[in-house]
Amino acid sequence: RQGADGVVELPHTEINPAHGGQGLGTALVRHALEDIRAGGQHVKPSCPFVAAYMNRHPATADLRAS
């Protein structure tokens, strides 16, 4: 969800449990963040999985909305 302020909220990430452990959630988040960066936007990582991904990847720190 994108707000008027250019901040995209990522509230939830879900992968079919049958495909768990295959890196699909990581790929989903990585590509979402790449799209957000390309659009010159910032992200509010409401989803714990997205927040954890961003904490593990310091190169995404500039995307976090303040």
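Provided above is the structure to which this section pertains.
Cut-off values and rules
Residues numbered from 1 in each chain as written. Predicted model: local features only at pLDDT ≥ 70, side-chain atom pairs only at ≥ 80, totals over all residues. Heavy atoms only, no water. Helix = DSSP H or I, 4+ residues; strand = E, 2+ residues; numbered from the N terminus. Rg over C-alpha atoms; globule rule 2.2 N^0.38 Å. Buried < 20%, exposed > 50% of the residue type's maximum accessible area, 1.4 Å probe, protein only. Arc of directions from axis to C-beta. Contact = heavy atoms within 4.5 Å. Salt bridge = Lys/Arg side-chain N within 4 Å of Asp/Glu carboxyl O. Axes fitted to C-alpha atoms, helices over the stretch in contact; angles between N-to-C directions. Parallel < 35°, antiparallel > 145°, perpendicular 65-115°, else oblique. Nonpolar A, V, L, I, M, F, W, Y, C, P; charged D, E, K, R; others polar.

As a further point, take the overall build of the protein chain. When you go through the protein chain residue by residue, the secondary structure sums to 2 helices and 2 strands. Of the regular secondary structure in the protein chain, the N- to C-terminal order runs β-α-β-α. Over its C-alpha trace the protein chain gives a radius of gyration of 12 Å, about what one expects of a compact globule, namely 11 Å for 66 residues. In terms of overall dimensions, the protein chain has C-alpha extents of about 35 × 25 × 20 Å along its principal axes.

Let's shift gears to helix 2 (residues 48–56). Within helix 2, burial applies to V50, A51, Y53 and M54. Buried residues in helix 2, looked at end-on, bunch into an arc of 160 degrees, giving them a common side. Along helix 2, exposed side chains directed more than 90 degrees from the buried face belong to P48 and N55. On the buried face of helix 2, the contacting elements are helix 1 (24–38) and strand 2 (42–44).

Right, let's get into the pattern of salt bridges. All chains considered together, the criterion is met by 1 salt bridge. Between R37 and D62 there is a salt bridge, with its nearest N and O atoms 2.6 Å apart. Note that R37 is positioned in helix 1 and D62 in the segment after helix 2, a separation of 25 residues in sequence. Given a relative accessible area of 39%, R37 falls into the partly exposed group.

Quick look at the side chain of T13 now. Position of T13 relative to the elements: it lies in the loop between strand 1 (7–9) and helix 1. Assessed through its relative accessible area of 19%, T13 is described here as buried. When near neighbours in sequence (up to four residues on either side) are disregarded, T13 contacts L28, V29, C47, F49 and V50.

Further remarks concern the packing of helix 1 against helix 2. For the pair helix 1 and helix 2, interaxial distance at closest approach is 10 Å and the crossing angle is 75 degrees. Between helix 1 and helix 2, the angle falls in the class roughly perpendicular. Listed contacts from helix 2 to G25, T26, V29, R30 and L33 of helix 1 are F49, V50, Y53 and M54. Of the residues belonging to the contact of helix 1 with helix 2, the class tally is 6 nonpolar, 2 polar and 1 charged.

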